[in-house]
Amino acid sequence: MSLRELLAQKKTEIVRRWQELVMRTYPEDTFRFLQREKDRFANPVGFAINRNLETLFDQLIGEMDPEAMNESLDGIIRIRAVQDFGASQAVGFLLLLKDALDQSLERDHLGAEELAGLISFHSRIDRMLLMSFDLYMRDREKVFDIRAREIQARSVKLIERLNRRVEPD
């Protein structure tokens, strides 16, 4: 059995483990909420994580369509870029897939062909990690730009108020 066939066969288990590992990067209370609440509108973060991780896994075992990968990566990175995650934490969720793979495949006896495929698969994850870092930096720049414009607008309003107080009637 090829590695792709094995990964496709174990997809549900691997993705479930990966989702849990990613959700564990949040504080314990948040983790429990993300795990428990299944409603898309009550839990948009959990929904985005679950949906996009599954799509990313499909891309990794498939053709790695850049547009589909960017869309799914952005669906997670955009959320993590505005949260209290550093850059490595924000994009590190992709490396957690390697842990999920190790946990799911440790009981299987992999032959030389499967091990070679696993090394190649790890390289695919690493390429996706680099893509996600670019997305993270773009999103962080947007956040900082929004904050800078907000500070500038507040400053202008403050100066206008001060000028009105100073101006003679």
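Anything mentioned here points back to the structure above.
Residues numbered from 1 in each chain as written. Predicted model: local features only at pLDDT ≥ 70, side-chain atom pairs only at ≥ 80, totals over all residues. Heavy atoms only, no water.

A.B. asks: Residues and numbers for a positive patch on the surface, please.
C.D. replies: Among the surface-exposed residues, Lys 157, Arg 161, Arg 164 and Arg 165 lie close enough to one another that they form a single positively charged patch. Structurally, Arg 165 is set in helix H8 (residues 112–166). When its relative accessible area of 71% is taken as the criterion, Arg 165 is described as exposed. (Patch = residues over 30% accessible without salt bridge, like charges linked within 9 Å, V, L, I, M, F, W, Y side chains within 5 Å. Areas by Shrake-Rupley, 256 points an atom, 1.4 Å probe, with all protein chains shown as cover. Salt bridge = Lys/Arg side-chain N within 4 Å of Asp/Glu carboxyl O. Lys, Arg positive; Asp, Glu negative; His and termini not counted. Charge placed at Lys NZ, Arg CZ, Asp CG, Glu CD. Helix = DSSP H or I, 4+ residues; strand = E, 2+ residues; numbered from the N terminus. Buried < 20%, exposed > 50% of the residue type's maximum accessible area, 1.4 Å probe, protein only.)

A.B. asks: Describe the environment of Glu 13, naming the residues involved and giving the relevant values.
C.D. replies: Looking at the element boundaries, Glu 13 is found in helix H2 (residues 11–23). C-alpha separation for the pair Glu 13 and Gly 46, spaced 33 residues apart in sequence, amounts to 18 Å. Of the polar contacts made by the side chain of Glu 13, one reaches the side chain of Ser 104; its length is 3.5 Å. (Polar contact = N/O pair within 3.5 Å; in protein donor to acceptor, adjacent residues only side chain to side chain.)

A.B. asks: Describe H2, naming the residues involved and giving the relevant values.
C.D. replies: Taking 1.5 Å as the rise per residue, H2 with 13 residues should run 18 Å; its terminal C-alpha atoms sit 18 Å apart, in good agreement. Within H2, the full set of buried residues consists of Lys 11, Ile 14, Val 15, Arg 17, Trp 18, Gln 19, Val 22 and Met 23. Those residues of H2 hidden inside the fold are in contact with helix H1 (3–9), helix H3 (28–36), helix H4 (44–61), helix H5 (66–81) and helix H7 (96–105). (Expected span 1.5 Å × (residues − 1). Contact = heavy atoms within 4.5 Å.)

A.B. asks: Outline the nonpolar core, supporting the account with residue identities and numerical values.
C.D. replies: Grouped together as the largest cluster of nonpolar side chains are 42 residues, with contacts concentrated most on Trp 18, Phe 93, Leu 97 and Phe 121. Contributing elements (two or more residues each) for this core: H1, H2, H3, H4, H5, helix H6 (87–91), H7 and H8. Setting aside anything within four residues of it in sequence, one finds Trp 18 in contact with Leu 53, Leu 56, Phe 57, Phe 93, Leu 94, Leu 96, Leu 97 and Ala 100. (Core = buried A, V, L, I, M, F, W, Y, C linked by side-chain atoms within 4.5 Å.)

A.B. asks: Hey, could you go over the packing of aromatic side chains for me, with residue numbers and the actual values?
C.D. replies: Tallied over the entire structure, the rule returns two aromatic pairs. Their ring planes at 85° and their centres at 5.2 Å tell us that Tyr 26 and Phe 85 sit as a pair that is edge-to-face. Here Phe 85 lies in the loop between H5 and H6 and Tyr 26 lies in the loop between H2 and H3, a separation of 59 residues in the sequence. Judged on exposure class, the residue Tyr 26 and its partner Phe 85 are both buried. Ring centres 6.3 Å apart and planes at 65° place the aromatic pair Phe 57 and Phe 121 in the edge-to-face group. You can see Phe 57 sitting in helix H4 and its partner Phe 121 sitting in helix H8, a full 64 residues away along the chain. You can call Phe 57 buried: its relative accessible area is 0%. By relative accessible area, Phe 121 is classed as buried at 4%. Sitting over the face of the ring of Phe 85, Arg 80 holds its NZ or CZ atom 4.1 Å from the ring centroid. (Phe/Tyr/Trp six-rings, centres within 6.5 Å; stacked < 30°, edge-to-face > 60°. Lys NZ or Arg CZ within 6 Å of the ring centre and 35° of its normal.)

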